Amino acid sequence: MGRPGSEFYGADPAALARGDPEVAGVLREELGRVRGRLQLIASENFASPAVLAALGSVLGNKYAEGYPGGRFHAGCEAADRVERLAVQRAKELFGAEHVNVQPYSGSTANLAAFVALLRPRDTVLAMELSHGGHLTHGSRSNFSGRWFDVVSYGVRRDTETIDYDEVRDLALRHRPDMIICGAAAYPRTIDFAVFRGIADEVGAWLLADVAHEIGLIAGGAAPSPVPYADVVTFTTHKSLRGPRGGGILCTSEVAGRVDRAVFPFVQGGPLMNVVAAKAVAFGEALRPEFRVYAAQVVANAKALVQALAEEDLRPVTGGTDTHMALVDVRDAGTTGVAAETNCAQAGIVLNRNTVPYDPEPPRVASGLRLGTPCVTTQGMGVPEMKEIASLVARAARDPGAITSVAERVARLTAGHPAYPPG
Ligand code: DSN
C-alpha cells in the first residue's frame, strides 16, 4: 500500500515533515511534552492512533451541511455513511432514542440544547460555576448567563455535595423552564432521578451535561442520565477518549428541535473528519476492553484521592466517584496557582480550581483538579497513583523539591509512555 496513509490519505507524519518542517517540529515537541510529563488535566485524554488517523483524513475536506440523506451539498455518500455509523454506534452505546454527532464541542452542544428547548430570557436553574458548574451553565461572560435568566444552586458547606432540597426549593420558587445537572468540577455521582422528579414537579426540561463522565457512562462505571433527561450533552475527547468534539443524546420528542438547533441555527457544515473519528471512538468504547478501562479510571481516581488526603491535600466532598480528584490545598500551606506552577515545573500537568466557598478568586484558587483518564490510558494503576500523589504533594508544597520530583516523573512516564514509540 506504499507509504503510511496512502490508502485513504489518513494522517501521514512524513508528508507533514516534508511539506512543513516548522509545524512538524512543533508537533514533535508536543509529542515529547506529552510523553515526558504526567498529564493529569481531568478533561484530557490520549485518543487512539485510529481516532487520530480518521481526524487527519480526506473527510476533513468535505462540506456536508444537513443530515444523512438530506444534505445541501453533492457528493456526500461517504459523509452519510460515516455519520450514520457514528449515530448507530452511539445509540447502541448509550441506549438513546436520538443522537446528534455534529456539535463541534461541548459548548456548542449546550448552546444547541438551550436553543432547542428555550426562548431568550427563559429561566434556567443550574449549578454555580464556582461550586463546580460550567461556563455554559449561566456564567455572565457566556451566552447562557447573558441571554437567559439563570438561577444557581450550589453545594452544602458541610458536605460539599449538591443540596437536592435547595435545588427543589429554588425550582419551586423560580419555576425554571429548564434545569441543568452535570458539572465540570464535581467529583460525586449526580442523582439524575432526583433531578427528573424536581423537573417534573415544576414542568421544566431536564438537561444533563455529562461532558466529563461520558466515557465512564459508556464503560458502565457511572450511572447514565439517558433514562431521565430530555437532552444529554457530552464531549468526545475527555473520558470517552475520542476526538475533540461534542454530541447530543435526546428523546424522540425533541429530536427535530435538537437537530434544527445544531444545524442551521448554531453551526454550519459538520466537521466530517471529526464525525468519522467519533464513529471510531464509539466503536472502541463498545469493546469489552473499554469497560475495563473505565473501571480502572475510577479505581485510580479513588486511590489518588485517598493518597492525596494522606498528604494533607483535603479531598473536596471527602472522596470521588468519578475520574476526578478535587483537593483543597490550604492545609498544605499553599494556593491553587502556586501548587499548579510548582507541579508544572516538575513535569506534572494539572489545573488549579476553586473549591466551594473559596475565598480566593479563580485565578488564584484554593484547589487543584486532577484527573486519571490520561494516566490510565498509559497503563498506570493504583501503585502509580500512590506515587503520583506523593509527587504532587511534594511539588505543591515545596519549590525546593521540584528537581527531584521531576526526576521521578521522568522515570514514571518512561515506564508508561503515552503513544509508545514503535
Ligand atoms: N471546562 C473545561 C474543563 O473541564 O477542563 C471543559 O469545558
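See above for the structure.
Numbering of residues starts from 1 in every chain and runs along the sequence as written. Predicted model: local features are reported for residues with pLDDT of at least 70 only, side-chain atom pairs are reported and counted for 80 or more only, and whole-chain, interface and lining totals are derived from all residues. Excluding hydrogens and water, the side-chain values take into account all heavy atoms of the structure.

**Quick notes on the nonpolar core**
Consideration 1: By size, the foremost hydrophobic cluster in this structure holds 63 residues, and its most contacted members are F94, Y153, I162, I179, F195 and F282.
Consideration 2: With 8 residues, helix α11 (residues 272–285) is the largest single contributor of residues to this core.
Consideration 3: When residues no more than four places from it in sequence are discounted, the contact partners of I179 are L125, A171, F195, I198, A199, V202, A204, W205, L206 and L207.
Consideration 4: Side-chain atoms within 4.5 Å link the members of a nonpolar core, which is a set of buried Ala, Val, Leu, Ile, Met, Phe, Trp, Tyr and Cys residues. Working definition: with a 1.4 Å probe on protein chains only, accessible area under 20% of the residue-type maximum means buried, over 50% means exposed, and in between means partly exposed. Grouped together as the second largest cluster of nonpolar side chains are 34 residues, A339, V375, M385 and L412 included. Secondary structure counts use DSSP, requiring at least four H or I residues in a row for a helix and at least two E residues in a row for a strand, with both numbered from the N terminus. By definition in these notes, contact holds between two residues if any of their heavy atoms fall within 4.5 Å.

**Description of the site of the ligand**
Consideration 1: We call a residue near a molecule or strand whenever a single non-hydrogen atom of that residue lies within 4 Å of it. S43, H134, A184, H212, K238 and R369 make up every residue found near the ligand.
Consideration 2: Polar contacts, as used here, are pairs of N or O atoms within 3.5 Å; protein pairs need one atom able to donate a hydrogen and one able to accept it. Residues neighboring in sequence count only if both atoms are side-chain atoms. S43 has a polar side-chain atom sitting 2.7 Å from an oxygen atom of the ligand.
Consideration 3: The separation between an oxygen atom of the ligand and a polar side-chain atom of H212 is 2.7 Å.
Consideration 4: Only the protein chains shown count as cover for residues, with accessible areas throughout obtained via the Shrake-Rupley method and a probe of 1.4 Å. Protein contacts shield 64% of the accessible area of the ligand, which totals 230 Å² for the unbound molecule.
Consideration 5: Cavities and pockets are defined on a 1 Å grid built over the protein atoms alone: a cavity is a set of grid points where a 1.4 Å probe fits but cannot escape, while a pocket is an open set with protein on both sides within 12 Å along at least five of seven lines, and lining residues are those with an atom within 4 Å of any such point. Whether a molecule lies in a cavity or pocket depends on its atoms, and more than half of them have to be within 2 Å of the grid points. In a pocket analysis with a 2 Å cut-off to the grid points, the ligand is assigned to the second largest pocket.
Consideration 6: Looking at the shell around the ligand residue by residue, the classes come out as 1 nonpolar, 3 polar and 2 charged. Polar here means any residue outside two lists: the nonpolar Ala, Val, Leu, Ile, Met, Phe, Trp, Tyr, Cys and Pro, and the charged Asp, Glu, Lys and Arg; Gly therefore counts as polar.

**So, the pairing of strand β5 (residues 123–127)**
Consideration 1: The buried fraction of β5 amounts to 5 of the 5 residues, a majority that puts the element mostly inside the structure.
Consideration 2: Burial along β5 is two-sided: the residues T123, L125 and M127 and V124 and A126 are all buried.
Consideration 3: Strands pair, by our definition, only if DSSP identifies at least two bridges between them. Summarising the sheet, β5 and strand β6 (residues 149–153) pair through 5 bridges and their orientation is parallel. Bridge pairing in β6 links A126 to S152.

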